[in-house]
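Fold and contact review
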Amino acid sequence: MRGTDGTHSSSGRRDVVGLEDIVARKGTGPPLVMVTAYDYPSATAAEAAEVDLVLVGDTAAMTMLGYPGTELVSFEEMLVLGRAVRRGLRTPVMVGDMPMGTYEASDTLAVQSAQRLVKETGCDVVKLEGAGTSVDRARAIVNAGIGVMGHLGLTPQTHTAQGGFRTQAKTAAGALRLIDDALALQAVGCFALVLEAVPASVASEVTARLSIPTIGIGAGPDCDGQVLVFNDLLDYDSAIKPRFVKHYGHIGESARRGVAAYTADVRARRYPAAEHGYDIPQADLEAFRSTL
Ligand code: KIV
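In this report, we go over the structure that sits alongside the text. (Residues numbered from 1 in each chain as written. Predicted model: local features only at pLDDT ≥ 70, side-chain atom pairs only at ≥ 80, totals over all residues. Heavy atoms only, no water.)

**Thoughts on unusual backbone geometry**
Residue Pro 272 is bonded to the preceding Tyr 271 through a cis peptide linkage, with omega at 0 degrees. Tracing the chain through its elements places Pro 272 in the loop between helix H10 (251-267) and helix H11 (282-290). We note that Glu 50 has phi near 60 degrees; this positive angle belongs to a residue other than glycine. Summarising the element assignment, Glu 50 is placed in the loop between helix H2 (40-48) and strand S2 (53-56). Phi is positive for Ala 197, close to 50 degrees, though the residue is something other than glycine. Among the secondary structure elements, Ala 197 is positioned in the loop between strand S6 (192-196) and helix H8 (200-209). (Helix = DSSP H or I, 4+ residues; strand = E, 2+ residues; numbered from the N terminus.)

**Considering helix H4 (residues 75-88)**
Over its 14 residues, H4 runs 20 Å from end to end, which matches the ideal 20 Å to within 8%, given 1.5 Å per residue. Among the residues of H4, those classed as buried are Phe 75, Met 78, Leu 79, Leu 81, Gly 82, Ala 84, Val 85 and Gly 88. The inward-facing, buried residues of H4 abut H2, S2, helix H3 (60-63), strand S3 (93-97) and helix H5 (107-121). (Expected span 1.5 Å × (residues − 1). Buried < 20%, exposed > 50% of the residue type's maximum accessible area, 1.4 Å probe, protein only. Contact = heavy atoms within 4.5 Å.)

**Things to note about H8**
Because an α-helix completes one turn every 3.6 residues, residues spaced three or four positions apart along the sequence face the same direction. Looking only at H8, the buried set comprises Val 202, Ala 203, Val 206 and Thr 207. Mapping the buried residues of H8 onto a view down its axis gives an arc of 135 degrees, with all of them on the same face. Of the exposed residues in H8, those oriented more than 90 degrees away from the buried face are Ser 201 and Ala 208. Against the buried residues of H8 lie helix H7 (172-187), S6 and strand S7 (214-217). (Arc of directions from axis to C-beta.)

**Structural notes on the site of the ligand**
Taken together, Thr 36, Leu 55, Gly 57, Asp 58, Thr 59, Asp 97, Lys 127, His 151, Glu 196, Ile 217 and Val 229 make up the full set of residues adjacent to the ligand. Note that an oxygen atom of the ligand is positioned 2.5 Å from one of the side-chain N or O atoms of Thr 59. Between the ligand and Lys 127, the relevant distance is 3.0 Å, taken from an oxygen atom to a side-chain nitrogen or oxygen of the residue. About the coverage of the ligand: the protein hides 98% of its 260 Å² of free accessible area. The residue makeup of the shell around the ligand, split by class, is three nonpolar, four polar and four charged. (Near = heavy atom within 4 Å. Polar contact = N/O pair within 3.5 Å; in protein donor to acceptor, adjacent residues only side chain to side chain. Areas by Shrake-Rupley, 256 points an atom, 1.4 Å probe, with all protein chains shown as cover. Nonpolar A, V, L, I, M, F, W, Y, C, P; charged D, E, K, R; others polar.)

**Some thoughts on the nonpolar core**
If you look at the biggest cluster of nonpolar residues, it comprises 59 residues, and the most contacted ones within it are Val 126, Ile 141 and Leu 195. The next biggest cluster of nonpolar side chains, apart from the first, holds 16 residues, and it includes Val 17, Val 125, Met 149 and Phe 191. (Core = buried A, V, L, I, M, F, W, Y, C linked by side-chain atoms within 4.5 Å.)

**Considerations on the environment of Ala 84**
One can find Ala 84 in helix H4. What makes Ala 84 buried here is its relative accessible area of 14%. When the C-alpha positions of Ala 84 and Asp 39 are compared, they lie 5.0 Å apart, and in sequence the two are 45 residues distant. When sequence neighbours within four positions are dropped, the list of residues in contact with Ala 84 reads Asp 39 and Tyr 40.

**Considerations on the pattern of salt bridges**
Under the criterion given, the structure shown has 13 salt bridges. A salt bridge links Asp 136 to Arg 139, with the shortest nitrogen-to-oxygen separation between them at 3.0 Å. Here Arg 139 and Asp 136 lie together in helix H6 (residues 133-143), a separation of three residues that amounts to about one turn. You can call Arg 139 partly exposed: its relative accessible area is 37%. (Salt bridge = Lys/Arg side-chain N within 4 Å of Asp/Glu carboxyl O.)

**Observations concerning the side chain of Thr 155**
As for its position among the elements, Thr 155 is in the loop between strand S5 (147-153) and H7. Apart from the residues within four sequence positions on either side, Thr 155 is in contact with Glu 129, Gly 130 and Gln 162.

**Some remarks on the pairing of S6**
The buried count for S6 comes to five of five residues, which makes it a mostly enclosed element. Taking every second residue as pointing to the same face, both faces of S6 are buried, with Ala 192, Val 194 and Glu 196 on one and Leu 193 and Leu 195 on the other. One ladder, built from five bridges, connects S5 with S6; its direction is parallel. Bridge pairing in S6 links Leu 152 to Leu 195. Considered for its hand, the β-α-β crossover made up of S5, H7 and S6 is right-handed. Where S6 and S7 come together, four bridges link them in parallel fashion. Counted as the bridge partner of Val 194 is Ile 215 from S7. The parallel pair S6 and S7, bridged by H8, forms a crossover whose chirality is right-handed. (Pairing = 2+ DSSP bridges. Right-handed = clockwise from strand over helix to strand, strands pointing away.)

**Here's the deal with the packing of aromatic side chains**
The final tally for this structure, using the stated rule, is two aromatic pairs. Consider the rings of Phe 230 and Tyr 236, whose centres lie 6.4 Å apart with planes at 40 degrees: the pair is tilted. With a centroid separation of 6.0 Å and 65 degrees between ring planes, the pair formed by Tyr 262 and Tyr 271 is classed as edge-to-face. (Phe/Tyr/Trp six-rings, centres within 6.5 Å; stacked < 30°, edge-to-face > 60°.)

Written out as structure tokens, the structure reads:
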């Protein structure tokens, strides 16, 4: 395990982050850093950056698989992506997102799905969305010995019921309900909560009332940590830019430019050049040709 500020062992290798390290960071040290990852390259980038948590988010539905919403990704698809992420991670806590349809119907289904996610991807803990019956599901999974991260505010799996992708808890009643839901998830043993798209002042009050860390996305600076979607922070597609996103790279433009340059080079016979090929000794070449 590492210390509360992200320490390295005497070998210089970063120590593995434990759940207790995450919980111990509440109110101390720098904010927790979480990022999504969906495959081996994104996982290795997160590992190299020494983030605290990596979420194999069901946003993979859109970022990786081209679906219009998170509700469309299948469990099997998430399992494939999760396994690839596991291969690229060593130190951060790996959080497996439970896709829609894998936990809501019963406690039994929730526990079976959580166990499958852990066993088949190697994730350390799971995340599920919402309150209400999700509080019962979280309790059941925690009682089965698997750590649970909650997710309140905008919950994309049920965005239709929330009236679309909108800021949540914008009324006094909504803000009070958010606090109640957060306390309920904490009471059943969730180790942390994502707060998505809620006013900063409301997220601040929720954070102050919990003993577990809050991790915000569009929830202001007072959360105990922050999470961004890998493809958003690296700007894979500048057409989609939620207000809370900051770009730390422009991968999409760079990829489009690179593939276009390659296409132009091949068509103009500029690629491959001599230095991209392999030689055969002249004598062998002549012998080969003479037998043709
Ligand atoms: O699926 C996801 O990427 C998420 C984050 C937006 C928190 O739930």
